[in-house]
Amino acid sequence: MSNHHHKETFITKYVFSTDHKMISKQYLITGIFMGVIGVFMSILFRLQIAWPEESFTIIEAFLGRHQDGGVMTPDMYLALVTIHGTIMVFFVLTAGLSGTFSNLLIPLQIGARDMASGFLNMVSYWLFFLSSVIMLISLFVEAGPAAAGWTIYPPLSALPQAMPGSGLGMTLWLVSMAIFIASSLLGSLNYIVTVLNLRTVGMKMTRLPLTIWAFFVTAIIGVVSFPVLLSAALLLIFDRSFGTSFYLSDIFIQGEVLHYQGGSPVLFEHLFWFLGHPEVYIVILPAMGIVSEVLAANSRKPIFGYRAMIGSIIAIAFLSTIVWGHHMFVSGMNPFLGSVFTFTTLLIAIPSAVKSFNWLTTMWKGNLQMNTATLFSIGFVSTFITGGLTGLVLGDSALDINVHDTYFVVAHFHLVMGVSAIYGMFAGVYHWFPKMFGRMMNKTLGYWHFWITAVAAYGVFFPMHFVGLAGLPRRYYSNTAFPLFDDVADVNIVITLFAILGGASQIIFLANFFISIYKGKKAEQNPWKSNTLEWTTPVEHIHGNWPGKIPHVYRWAYDYSKPGHPEDFVVQTTPLLDGEEES
Amino acid sequence: MTAILYILLTIVLAVAIWQITSILNLKGVIATEKDNNTQGILFVAFGVFFYGLMVFSFWKYSIILLPEAASVEGERYDNLYLITMLLILFVQAITQFLLFFFAFKYRGIKGRKAFFYADSHKLEMIWTIIPSVVLAGLVLYGLSVWNDVMDTSDAENPLIIEVYAKQFQWEARYAGDDNELGLANVRNIKGINTMGVDMTDKNALDDVPVRELRLPKGRKVIFKFRSQDVLHSAYMPHFRAQMNCVPGMVTQFAFTPSMTTEEMRANEATIAKVEGINKIRAEKGEDAYEFDYLLLCNKICGSSHYNMQMKIIVEEEAEFNSWLKSQKTMAQVLQ
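These numbers come from a predicted model, not from an experiment.

Our focus in this paragraph is the overall build of chain B. The secondary structure content of chain B amounts to eight helices and ten strands. Here the C-alpha radius of gyration of chain B, 29 Å, is well above what a compact globule of 335 residues would show, namely 20 Å. The principal-axis extents of the C-alpha atoms in chain B amount to approximately 90 × 60 × 40 Å. Going through the 335 residues of chain B one by one, you find that 38% of them count as buried.

See the structure below:
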């Protein structure tokens, strides 16, 4: 089975590969590329927010006709925040995060030779690649890319008369997202089938590492919710191109009455957030899985409350599909619905609290190995708690009224799902880099990368809460039209300086990452002394993962520092000792 | 100035690249005991930075926050907000402390074995039940405030005002003597009938169209929101009020103003905030600013979204009534 003798060409090995390990690398590199663009955009619009009338050569150089003497146009500002959001949420934190680590770890950690369908897996990546290309092409459209916010609420996104970005730019956005959704569905189905069917002998569901549980449940959420976004996008395409009125009614724009009658933008909001809210868990659950694994391995301790962790993942997944309305408290929907969604939303705080306390307890009385991945995992717990707590304000319909759509929201979700998920992704990259590339990343650079990023992230998003509480709405090109907000200007400068620092520090990561691929120190087979199966495969990648038979599993993944064993880790393939009880 | 900035930037980049390549020659890849020690201490330092940043932000930035609520409903809002915020800060302070402390205290030492501790139902029950109980309380209180704000069925003699949104300005219409708004639809928009009021509806005749919003202190105001083109959101932060304006439907929000513009200008927090703003404006050579309530657009609506505003004036009811009397009705305007 393992000794396939057919010849691999460059094309089948590096381009149209069906090997999950190669596809995982393709996802990661594409994700990093998109991430660089997304972060760069945020630096550009942060310059505008901090110094609204100042001229910048960098803006002049990059924004072409969408700037005037080094100052970006209002439409370009909105386009930048829109595409930044889209790229970071979907292309980096969904495809880049799930795509990379689900592909790499699902077969390796459950003891399978590859994904259930290598071909579908390849198609999934190339659809993602195609959608990335289309999204990038949309940046060069004459009137500019989509600019209605990443939530693309109609009628703004439906009517080219309403803003320049709602013309061809918006069409390309929708086409790109439709392809992206197809890619995501193919990937997710593959992950689900693989986890259910291809686990090796002895790998019961209750012996799976939490990474696999997280990826598995994430895939289920994706399959349940992404099709709804597809339908929302299709109906929007109908409204835009074929004159239907799903979302539009009674519109008078630029001196004329449009024919639309009977639709409602609120319908779009429901459909959008039915994906949009589960989407934040699609982003954060894989990061939680990675952090659970990395924290346990580096604390040299079992993850605390394994079953409770699984329970919380499932609870979060279930609840995530019934909380979408908390994005719509002031949308004009019935206030009674607001009450219902407040209730379900605050329920989700309970499994989140359980997970946070369990991570803390995992560290308690551990023997923490401060590898770079550990630092990012601890950083994850910190930003997840800080960001999660302000969810108590936003999830409460009454309190949401006055902070809805202000910078308070921006600060909240960037900490709880943006920074946290990125930290999870970094933890994953540092931890599994030896598995992906057979070499190690440099730890000193890793430390510098973490500490500068950690200081910058809080420097950006902690003061930002205050900007929101001052009543400043998000997505304002400039607040010079309001003397009321003149005193916010200083805070905005501080935030932008930290943003530039944080953005620039990612260069350290990029250098470390790309140089280590070629020049890094050769990895040992099990560098972190982990229990999980991926470290039983040879360092050099082979098709089929294990040279001989696939390993059998006799215990769960978290027997770290178990009494009665000489080492402080016990690989899952180790049979139980005489009289040893399974944990 | 920018030239120097770019030169500096180039130097920093060059130094950074040089440093990065020299660090890369160090082949350290796995944390040693010395690393564990250094990083553990750095987590303590980070904890100090973290709490320092919190304290600094509260000390330095509290001045930019909104002053106390200017509506009766807003006072309840502020109270709920305060309780929630105290709870958040309490939990935040404890959990982050534990996190950074554990990172320091349990930093790896060679030869030490970690404590094998996989499960404790008792502990897990504690941190399931305590958050549940606290959240239940918060939900109940929150919902009572929410119902209080959203339910207008028991309002006595409320003032009815339509707030009308379009790219990129606000208009408004008072319901007039009969306190009932006439029907309206965008298909009736013509000439100076910019809100599309249906003049065949007799309720419409006494409606009063305005470009400046005035509200009486102490009387409940029910706002009816419409939009003619895209989504907008009517945000009145000082009153803790916000509602989206949705084309094709009428949305609603209500509050009772409790402080006139003059009273708010005399409020201590407002005075401090305005002083701060005027100091900044003086430095830039701009005119002094005087406090006013505002209606802002808070839903992305196009290029001039950032400048879609209307002034709101709150005054005593008698003053308000005489002002409203002096305004022309729809019938008079369209004559």
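From this point on, the discussion continues.
To continue, consider the overall build of chain A. The number of helices and strands found in chain A is 16 helices and four strands. Considered along the principal axes of its C-alpha atoms, chain A spans approximately 85 × 50 × 50 Å. Residue pairs in contact within chain A that sit at least 24 positions apart in sequence constitute 80% of those at least 6 positions apart.

This brings us to the interface of chain A and chain B. Quoted interface sizes are often the accessible area lost when the parts come together. At the interface, 118 residues of chain A touch 107 residues of chain B. When its residues are assigned to classes, the side of chain A that touches chain B shows 72 nonpolar, 31 polar and 15 charged.

A few words now on the sheet that holds strand β7 (residues 241–245) of chain B. Residues and elements named next belong to chain B. Spatial ordering of the open sheet is given by β4-β10-β9-β6-β7, a layout of five strands whose pairing is mixed. Only two strands of the sheet have a single partner each, and these edge strands are β4 (213–216) and β7. For this sheet, the mean angle separating the axes of adjacent strands, direction not counted, is 20°. In this structure, strand β9 (residues 293–297) lies alongside strand β10 (residues 309–315), joined through four bridges in antiparallel fashion. In the strand pairing of β10, L295 is matched with M310. Sheet strands in contact with helix α7 (residues 317–326) are β4 and β10, and its direction is about 140° off that of β4.

Pairing between sheet strands relies on hydrogen bonds along the backbone, with the strands arranged either parallel or antiparallel. Residue and element names in this part refer to chain B. Here five strands make up an open sheet; going across it, the order is β3-β2-β1-β5-β8 and the pairing mixed. Of all the strands in the sheet, the pair left with one neighbour each is β3 (208–210) and β8 (251–255). Looking at each pair of strands side by side, their axes are set apart by 25° on average, direction ignored. With six bridges connecting them, strand β1 (residues 159–166) and strand β2 (residues 169–174) associate as antiparallel partners. Of the residues in β2, the one forming a bridge with K166 is Q169.

Take the domain arrangement of chain B next. Residue and element names in this part refer to chain B. Assigned domains of chain B: these are domain 1 (33–107 + 123–151) and domain 2 (159–334). Put simply, the middle of domain 1 and the middle of domain 2, counted by C-alpha atoms, are 35 Å apart. Partitioning the side of domain 1 that touches domain 2 into residue classes produces seven nonpolar, two polar and two charged.

Looking now at unusual backbone geometry. Residue and element names in this part refer to chain A. Cis geometry marks the peptide bond from P154 to P155, where omega comes out at 0°. Of note, P155 is situated in the loop between α5 (118–137) and α6 (168–197). You will see that D405, though not glycine, has its phi angle at about 65°, which is positive. You can see D405 is positioned in the loop between α13 (397–403) and α14 (407–437). Even without being glycine, N545 reaches a positive phi, approximately 70°. As for its position among the elements, N545 is in the segment after α16 (489–519).

What follows is about the environment of W213 of chain A. Residues and elements named next belong to chain A. Structurally, the position occupied by W213 is in helix α7 (residues 210–241). Classification of W213 as buried rests on a count of 22 C-beta atoms within 10 Å. Between the alpha carbons of W213 and P286 there is a distance of 8.8 Å; along the sequence they are 73 residues apart. If we ignore the near neighbours within four places in the chain, the residues touching W213 are L208, G289, I310 and I313.

Bringing α5 of chain A into the picture now. The first and last C-alpha atoms of α5 of chain A sit 29 Å apart over 20 residues, in line with the 28 Å expected at 1.5 Å per residue. Buried within α5 of chain A are the following residues: N121, M122, S124, Y125, L127, F128, S131, S132 and M135 of chain A.

Once that is clear, we can look at the pairing of β8 of chain B. Residue and element names in this part refer to chain B. In terms of residue burial, β8 counts as a mostly covered element, since four of its five residues are buried. Here five bridges tie strand β5 (residues 221–227) to β8, and the two strands are oriented antiparallel to one another. Across the sheet, the residue bridging to F223 is F253, located in β8.

Before going further, it helps to spend a moment on the environment of A182 of chain A. Residue and element names in this part refer to chain A. When you line up the elements, A182 lands in helix α6. A residue is classified by how many C-beta atoms lie within 10 Å of it, and A182, with 18 of them, is partly exposed. Expressed as a C-alpha distance, the spacing of A182 and P227, which sit 45 residues apart in the sequence, is 8.6 Å.

Conventions adopted
Think of each chain on its own: its residues are numbered from 1, step by step along the sequence as written. To read the labels, note that chains go from A and ligands from 1, taken in the order they are written. It should be noted that, the model being predicted, local features are given only for residues of pLDDT at least 70 and side-chain atom pairs only at 80 or more, the latter also being counted only at that level, while totals for whole chains, interfaces and linings use all residues. Here a helix means four or more residues in a row that DSSP labels H or I, a strand means two or more in a row labelled E, and each is numbered from the N terminus. Only C-alpha atoms enter the radius of gyration, while the globule expectation follows 2.2 Å times N to the 0.38, with N the number of residues. Note on burial: count the other C-beta atoms lying within 10 Å of the residue's C-beta; 20 or more is buried, 12 or fewer is exposed, in between is partly exposed, and C-beta positions come from the backbone. For every residue pair, C-beta atoms are placed from the backbone, and the pair is scored as a contact if these atoms sit within 7 Å. Residue type decides the class: Asp, Glu, Lys and Arg count as charged, Ala, Val, Leu, Ile, Met, Phe, Trp, Tyr, Cys and Pro as nonpolar, and the leftover types, Gly among them, as polar. One bridge is not enough; two strands pair if DSSP finds at least two bridges between them. To obtain an axis, a line is fitted to C-alpha atoms, over the contacting stretch when the element is a helix, and the angle between two such axes runs from 0 to 180 degrees between their N-to-C directions. Throughout the structure description, domain borders are defined by an automatic or database domain assignment. Helix span is expected to be 1.5 Å times the residue number reduced by one.

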